[in-house]
Amino acid sequence: MLKIAVCDDEKIYRDMLADILNKYKNINAIDFEILFFENAEVYRENCRQNEEPDILLLDIEMGRQADGILLKEYLHEQGSRTKILFTTSHMEAMQEAFGENVCGFLTKPVSEEKLFYYLDRMCDFENQRKIVLVGKEKEIHTVKLQDILFIKSDGSYSCVVTKEKEAFCDKGLLEWEKELEGVSFFRIHKSCLVNLKHVLRVGEKVDLDNGEQLVIARWRKKELKEAYKQYLIDQV
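Residues numbered from 1 in each chain as written. Predicted model: local features only at pLDDT ≥ 70, side-chain atom pairs only at ≥ 80, totals over all residues. Heavy atoms only, no water.

Caption draft 1: Quick look at the overall build of the protein. Helix and strand counts for the protein come out as seven helices and 15 strands. Here the protein, with 236 residues, has 47% of them falling under the buried criterion. Here the analysis covers contacts within the protein between residues at least 6 apart in sequence; of these, 52% occur between residues at least 24 apart. Entry remark: accessible area of the protein is about 13000 Å², with carbon and sulfur atoms responsible for 48%. (Helix = DSSP H or I, 4+ residues; strand = E, 2+ residues; numbered from the N terminus. Buried < 20%, exposed > 50% of the residue type's maximum accessible area, 1.4 Å probe, protein only. Contact = heavy atoms within 4.5 Å. Areas by Shrake-Rupley, 256 points an atom, 1.4 Å probe, with all protein chains shown as cover.)

Caption draft 2: Just the pairing of strand 13 (residues 199-202), in detail. Both strand 13 and strand 14 (residues 205-208) contribute to a ladder of three bridges, which runs antiparallel. Bridged to Val202 within strand 14 is Val206. The hairpin turn running from strand 13 into strand 14, its antiparallel successor, is two residues long. (Pairing = 2+ DSSP bridges.)

Caption draft 3: Broad picture of the packing of helix 2 (residues 40-49) against helix 3 (residues 67-77). Closest axis-to-axis distance for the helix 2/helix 3 pair is 10 Å, and the angle between their directions is 20°. By the angle between their directions, the pair helix 2 and helix 3 is classed as roughly parallel. Remark: the crossing between helix 2 and helix 3 carries right-handed chirality. Packed against helix 2, whose contacting residues are Ala40, Tyr43, Arg44 and Arg48, the element helix 3 presents Asp67, Leu71, Tyr74 and Leu75 at the interface. Broken down by class, the residue content of the contact of helix 2 with helix 3 amounts to five nonpolar, no polar and three charged. (Axes fitted to C-alpha atoms, helices over the stretch in contact; angles between N-to-C directions. Parallel < 35°, antiparallel > 145°, perpendicular 65-115°, else oblique. Left-handed = near helix turned anticlockwise from the far one by under 90°. Nonpolar A, V, L, I, M, F, W, Y, C, P; charged D, E, K, R; others polar.)

Caption draft 4: How the structure looks around the sheet that holds strand 10 (residues 166-169). Ordered by their spatial adjacency, five strands build an open sheet running 10-9-8-12-11, and the pairing between neighbours is antiparallel. In this open sheet, the two edge strands, each paired with only one partner strand, are strand 10 and strand 11 (185-189). Adjacent strand axes in the sheet meet at a mean angle of 20°, parallel and antiparallel pairs treated alike. Summarising the sheet, strand 8 (residues 148-154) and strand 9 (residues 157-162) pair through six bridges and their orientation is antiparallel. In the strand pairing of strand 9, Ile148 is matched with Thr162.

Caption draft 5: Structural context of the pattern of salt bridges. Counted under the stated rule, the structure contains 15 salt bridges. Residue Asp31 pairs with Lys25 through a salt bridge whose shortest N-O separation is 3.5 Å. On the basis of relative accessibility, which here comes to 46%, the residue Asp31 falls in the partly exposed class. In this structure, Asp209 engages Lys163 in a salt bridge whose closest nitrogen and oxygen atoms are separated by 3.6 Å. In this pair, Asp209 sits in the loop between strand 14 and strand 15 (213-215) while Lys163 sits in the loop between strand 9 and strand 10, placing the two residues 46 residues apart along the sequence. Of the residues examined, Asp209 reaches a relative accessible area of 24% and is grouped as partly exposed. Note on Lys163: relative accessible area 41%, which makes it partly exposed. (Salt bridge = Lys/Arg side-chain N within 4 Å of Asp/Glu carboxyl O.)

Caption draft 6: Structural detail: the nonpolar core. Residues Ile4, Leu21, Phe32, Leu57, Leu85, Leu115 and Leu119 are the most contacted members of the largest nonpolar core, which totals 20 residues. Mapped by element, the contributors of at least two residues to this core are strand 1 (3-7), helix 1 (11-28), strand 3 (55-59) and helix 4 (112-123). Tallying contributions element by element places helix 4 first for this core, with six residues. Apart from the residues lying within four places of it in its own chain, the contact partners of Leu57 are Ile4, Ala5, Val6, Cys7, Leu17, Leu21, Leu85 and Leu115. Within the second largest apolar cluster, 19 residues are counted, among which are Phe37, Tyr43, Leu56 and Val102. (Core = buried A, V, L, I, M, F, W, Y, C linked by side-chain atoms within 4.5 Å.)

Here you go:
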């Protein structure tokens, strides 16, 4: 399940964001877990012990220090992939808050309309969808779409590859291609579908964020570059 964290030292703003997030849930008929933290240290301790959230609504200034900015820098050093949406009453502090995984800024009191706008862009609920895989021996696996690096053909079966594992499935590649139409997957040759979400670079080969390289068919190279360019534009 998608996790959204709120880190703010003022209860009034934590409660305000909770109301807006729950309203967003109800309007869109979706579900996600909401976590609350009253300062950066409590948030850091939680991340050391638990899976980090997907999205963090982070106050820039908590107490007398710009704890939000220090926490952003800490998360960057740790290689965190959590998307950060800053909230602040001090717009002059924004200049220091830019950085990797920072998706935007909201001024307090937070506008419902603006938070909804960012949630629409950041949540990517389709990629949170879980896929059920039935293997060659009828074993069952589940995997999130967003965790799939690529899917490769294996005779009449297919092999679904994530950073953690490879799982065989009783679906052929053509069936996968139809099921994943409109999602961020692209066929790079007759035997492989790649998840553009994990692509770092398209050159002579496809460079993935786990260090692997995949071969591109010559007849797919131009279309792949166009599809990847459009994917990056859509993320902005």
